[in-house]
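Now for the letters of each chain:
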Amino acid sequence: MLSTELSRQEAEFRELFGDVIEPESSSAPQGDDADLIADFHSDEEAGSSDEGGDGDEEAYHGTQIIYTSRTHSQLSQFVGEVRRSPHAGHVRVAALASRPQLCINDAVRRLGSLGLVNQACLDMQQKSTSKTTKVSKEDGRSQKKQKATGACPYKRRVDDLATEILSEVRDIEQLVKEGRRRKACPYYASRRAVRDAQLVVVPYNNLLHSGTRAASGLRLAGSVVIVDEAHNLLETISSIHSCQLARRQVADACDQLLHYIDTYKSRFSPKNLLYLRQLLHVHKGILKLVDGTGKAPPAAAEETRVLQLNDFLCGAGIDNLNLRKLQLFAEKSRLVQKFLRELQQPAAAPPAAPVGPAETESRSSDMPLMATLQLINALSEPDRDCRLLITTARAEPPSIKYLALNAAAQFQSIVREARAVILAGGTMQPVSEFRDQLLVAAGAAPERVTVFSCGHVVPADQLLTLSLAAGPSGAELLFSYQSRAQRTTLDELGRVLLNLCKLIPAGIVCFLPSYDYAAAALAHFASTGVMDKISARKQVFREPRQSSRSDAVLTEYTQAVRSGQRPPVVTGAILFCVVGGKMSEGINFSDDLGRCVVVVGLPYPNAKSPELMEKRRFLDANMVRGLT
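First, a word on scope: everything that follows refers to the structure included in this document.

Regarding the overall build of the chain
And then number 1: When helices and strands are tallied, the chain shows 26 helices and 15 strands.
And then number 2: With 628 residues in all, the chain has 44% of them scored as buried.
And then number 3: The contacts in the chain between residues at least 6 apart in sequence include a share of 77% that link residues at least 24 apart.
And then number 4: Carbon together with sulfur atoms contributes 51% to the accessible area of the chain, which is approximately 33,700 Å² in total.

Points about unusual backbone geometry
And then number 1: In this chain, glutamine 429 is followed by proline 430 through a cis amide linkage whose omega measures -5°.
And then number 2: Positive phi is not limited to glycine here, since lysine 183 has a value of about 55°.
And then number 3: Residue placement: lysine 183 occurs in the loop between α7 (172–182) and α8 (186–194).
And then number 4: Given the relative accessible area of 49%, lysine 183 is considered partly exposed.
And then number 5: One non-glycine residue, glutamate 229, adopts positive backbone phi at about 50°.
And then number 6: You can call glutamate 229 buried: its relative accessible area is 18%.

Some details on the packing of helix α22 (residues 487–503) against helix α23 (residues 515–528)
Packed helices, taken two at a time, are described by their axes: the angle between them and the distance between them.
And then number 1: Closest axis-to-axis distance for the α22/α23 pair is 10 Å, and the angle between their directions is 75°. With respect to each other, α22 and α23 are oriented roughly perpendicular. Of α23, the residues touching α22 (which contributes Arg487, Leu490, Asp491, Leu493, Gly494 and Leu497) are Tyr517, Ala521, His524, Phe525 and Thr528.
And then number 2: In the contact of α22 with α23, the residues fall into 6 nonpolar, 3 polar and 2 charged.

Observations regarding a nonpolar patch on the surface
And then number 1: Residues Val457, Val458 and Leu463 make up a contiguous nonpolar surface patch of roughly 310 Å² in combined accessible area.
And then number 2: Looking at the secondary structure, you find valine 458 in the loop between α21 (431–440) and α22.

What about the pattern of salt bridges?
And then number 1: Tallying each qualifying case throughout the model produces 22 salt bridges.
And then number 2: One salt bridge in this structure joins arginine 192 and aspartate 159, with 2.2 Å as the shortest N-O distance. You can see arginine 192 sitting in helix α8 and its partner aspartate 159 sitting in helix α6 (residues 158–167), a full 33 residues away along the chain.
And then number 3: A salt bridge links aspartate 436 to arginine 435; the nearest nitrogen and oxygen atoms lie 3.4 Å apart.
And then number 4: Residue classification places aspartate 436 among the partly exposed positions, given a relative accessible area of 32%.
And then number 5: If you follow the salt bridges from partner to partner, you end up with Glu164, Glu168, Arg170, Glu178, Arg181 and Arg182 in one network.

Some words on the pairing of strand β5 (residues 199–203)
And then number 1: For β5, the buried fraction is high: 5 of the 5 residues fall into the buried class.
And then number 2: Where burial is concerned, the two faces of β5 agree: the one with Leu199, Val201 and Pro203 and the one with Val200 and Val202 are both buried.
And then number 3: Pairing analysis gives 5 bridges linking strand β1 (residues 65–69) to β5, with the strands arranged parallel. Of the residues in β5, the one forming a bridge with threonine 68 is valine 202.
And then number 4: Pairing geometry for strand β2 (residues 93–95) and β5, over 3 bridges, is parallel. Each residue of the ladder has a partner; that of alanine 94, found in β5, is valine 200.

Looking at α22
And then number 1: In this model α22 runs 25 Å from its N-terminal to its C-terminal C-alpha over 17 residues, within 8% of the 24 Å that 1.5 Å per residue would give.
And then number 2: Thr489, Leu490, Glu492, Leu493, Gly494, Val496, Leu497, Leu498, Leu500 and Cys501 are the residues of α22 that are buried.
And then number 3: In the core, the buried residues of α22 are packed alongside β12 (507–512), α23, α24 (530–537), β14 (573–578) and β15 (596–599).

A short note on the sheet that holds β2
The strands that make up a sheet are held in pairs by hydrogen bonds between backbone atoms, and each pair lies either parallel or antiparallel.
And then number 1: Taken together, 5 strands build an open sheet; the order of strands is β2-β5-β1-β6-β11 and the sheet is parallel. Pairing within the sheet leaves two strands with one partner each, and these edge strands are β2 and β11 (420–423). Between one strand axis and the next, the sheet turns by 15° as a mean value, whatever way the strands run.
And then number 2: By the bridge criterion, 4 bridges tie strand β6 (residues 224–227) to β11 in an arrangement that is parallel. For valine 225, the partnering residue across the bridge sits in β11 and is valine 421.

Looking at the packing of helix α13 (residues 270–290) against helix α15 (residues 323–332)
And then number 1: Axis separation between α13 and α15 bottoms out at 10 Å; the angle between their running directions is 115°. The two elements α13 and α15 meet at a crossing, and its hand is left-handed. From α13, Asn272, Tyr275, Leu276, Gln278, Leu279 and Val282 reach across to α15, where they touch Leu323, Lys325, Leu326 and Phe329.
And then number 2: Split by residue class, the contact of α13 with α15 holds 7 nonpolar, 2 polar and 1 charged.

Rules of the game
Residues numbered from 1 in each chain as written. Predicted model: local features only at pLDDT ≥ 70, side-chain atom pairs only at ≥ 80, totals over all residues. Heavy atoms only, no water. Helix = DSSP H or I, 4+ residues; strand = E, 2+ residues; numbered from the N terminus. Buried < 20%, exposed > 50% of the residue type's maximum accessible area, 1.4 Å probe, protein only. Contact = heavy atoms within 4.5 Å. Areas by Shrake-Rupley, 256 points an atom, 1.4 Å probe, with all protein chains shown as cover. Axes fitted to C-alpha atoms, helices over the stretch in contact; angles between N-to-C directions. Parallel < 35°, antiparallel > 145°, perpendicular 65-115°, else oblique. Nonpolar A, V, L, I, M, F, W, Y, C, P; charged D, E, K, R; others polar. Patch = residues over 30% accessible without salt bridge, like charges linked within 9 Å, V, L, I, M, F, W, Y side chains within 5 Å. Salt bridge = Lys/Arg side-chain N within 4 Å of Asp/Glu carboxyl O. Pairing = 2+ DSSP bridges. Expected span 1.5 Å × (residues − 1). Left-handed = near helix turned anticlockwise from the far one by under 90°.

And the structure:
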């Protein structure tokens, strides 16, 4: 009877996991022990995170001010104003930033992308700082010798640097310089300093994303939260909690998982192997759905399929899995770090040129499993707060986008816990949008919402606003989507910009509707010789697609405007930017940096965009019911 029961259990085990128990003498590749994931115990879900903040037994318990803005340059400007204020001598300021901004370990910085730098840093924190070995000498005596391991040498002396941070107001660049001088990590030192700071300066993501906020050690209770450049806050929250990845990334992650399982399947615990195969099943299900072979009804001739979350899960055949537990398994077992070693060497090489708009963002991650795990984590959110967009158009690679719709749900904890929330910006109208869709919907009482508005700092007699309907040759300037790429339109635009470069000194900033249109327009200027004529008058700069390059380009543009003038021919510079891009908000183009600002076309969104249509449907349905 016992033998029968054991046989039945063995059959069930093999049905679940396959033939995973192999003889010790198996010739299958065994791999490196360092690449094996640790056992994951699903009952220990409340364990502490590697990114968690330090204990606050001795933390500052007064009112803490948390200031956030979109870009690092805007944060640096704010810190500069604090430094020049009467409070600079007695206020404790801690400025937070991402690892690529603060890391001083050159071996890690060379990895390039945000994802690889984060994973490499976390991996190094798991390694011991040194290893003691015994070395025998010729006289028979033994001597202990410290052998360095892969741990980061800059993690030490973090407490001393944290204390130094609070002794003087410093921006991010000054913090990195001090960290290099002390050979201490500015990233972890700044986080250590948060608990005792009176003013904490953070990028949007550190405040608006709950996981990053907790890892940063930010304390909302009793704090005053100031959100600068808040006119685009609703879109920013949606963007932070949305994610997009190409089908190629899902396929690459699937191949990685399959190879990893095949290499180590005889050495995994049954539970770890079960979770790994569930992850593999999730990836295969998503691929089938994208390819149109899943359970979802086939799409017609539409290029983009819009699915509710439950329909997506059922269509991929993963609605019966606990996705939160899978995400926790990947996090606790440090699965992504196991694939990091093989990627570090290629990542040091210069990045390849982007091949298309849809693949540019996906290439930047350099780690497909990291991107797919972000999607899996998002799939655990409530069904009504999101949509899934599957794009299978011939003109661009297939992709999946998770679109977060309910900004108020993500902002709710900030409104409820903070003592006060201040939204500041230059173009906050209509105020009702923020009051109804964000503050009140997140739980704020309507009577507690106060609006204050003041005039512009630039006098009206020092500002000239012009609208050009035609160019120098009399040709009409029509920048509708159907007409803006026409040769005659681009030729006339080139003439306008060339004339402006001849007349206006110092800096000109030109905003174009999109990255694709900017590339097409600049390529046309180059082919017709207009770009050579513009370059003879001003140095030319272009906003990069990569966020990591934005600050460098802005610095080069600033230097060219302020010190790169070579009159009477070259006088200043021109910067081509994108409406809604990284340089369209939070950048102070003051004085000579923006003697003229050109906006090409009206920056209205495409009314037929599937994303915009879903957002409108969500607001129409939920604002009436008061559910947002």
